[in-house]
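Residue-level structural notes
Here is how the chains run, residue by residue.
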Amino acid sequence: GVQEFIEALSYWTFCRTGKLLTLTQAESWFAFRLDGAESKAIRLPLHPTDFILGIADLTGELMRACTEAVTRGYRALPFTLLPFMRAMYSEFLKLPAVGKGLPKKIEVLEGSLLKVEHVCYMLAVRGSEVHSERLLSIHGVNEETSIITE
């Protein structure tokens, strides 16, 4: 559940700022103040491994946002997301094995990156010739599996 929350929070942060969520920002969402006679702060622990593994899932959401944007005619978004996703992939490859799920997360991250690269390639090379739905179906994405980014 924590990793899913970090994934959602990182996607929300990226959509609002265009930047990656930091550990400090995430930790602030795990702090609560109880009102009462004595105001007490409660800070739930956020393990760095959960944070890293949650961040790794962000690229799947970005890939879905990319494909959704293309189906709606916004063809610039893939080219905006691609450098960010490449940088994420590059940095994740440098990480030591944290948590047993990291290798699988990196594999999925790479798959999302490859799909966005493919969309960018198709838009750059054949964008004016290929309808958006055909462009996405070429690499197995359909409108039902995409998210709405608006």
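Look up a bit, the structure's there.
Each chain carries its own residue numbering, running from 1 in the direction its sequence is written. Residue-level local features of this predicted model are given only where pLDDT is at least 70; pairs of side-chain atoms are given and counted only at 80 or more, and the full residue set underlies all totals for whole chains, interfaces and linings. As a rule here, side-chain values cover all heavy atoms of the structure and leave hydrogens and water aside.

**Description of the pattern of salt bridges**
By definition here, a salt bridge exists when the distance from a side-chain nitrogen of Lys or Arg to a carboxyl oxygen of Asp or Glu is within 4 Å. For the structure shown, the criterion picks out six salt bridges. Its salt-bridge partner being K105, residue D57 comes within 2.7 Å of it at the nearest N-O pair. Of this pair, D57 sits in the loop between α3 (48–56) and α4 (58–71) while K105 sits in helix α6 (residues 102–126), and the two are 48 residues apart along the sequence. The partner of E107 in a salt bridge is K104, and the shortest N-O contact between them spans 3.6 Å. In this pair, E107 and K104 are both assigned in helix α6, three residues apart and thus about one turn of the helix distant. Secondary structure elements follow DSSP: runs of H or I of four or more residues count as helices, runs of E of two or more count as strands, with numbering from the N terminus.

**Let's talk about the environment of L102**
Within the secondary structure layout, L102 lies in helix α6. Classification of L102 by relative accessible area gives buried; the value is 2%. When the C-alpha atoms of L102 and T49 are compared, they prove to be 9.1 Å apart, with 53 residues separating the residues in sequence. Look past the residues within four positions of L102 in its chain and what remains in contact with it is I52, L53, F92, L95, P96 and A97. The buried label goes to any residue with under 20% of its type's maximum accessible area, the exposed label to any with over 50%, and the partly exposed label to all in between, with areas taken from a 1.4 Å probe on protein chains only. Note on definitions: a residue-residue contact is assigned when non-hydrogen atoms from the two residues lie within 4.5 Å.

**Things to note about α4**
In an α-helix there are 3.6 residues to a turn, and that puts residues three or four apart on one side. Expected span of a helix, by definition, is 1.5 Å for each gap between consecutive residues, and there is one gap fewer than residues. Spanning 14 residues, α4 covers 20 Å between terminal C-alpha atoms, matching the ideal 20 Å at 1.5 Å per step. Within α4, 13 of the 14 residues are buried, which leaves the element mostly enclosed by the surrounding structure.

These figures capture arrangement, not role.
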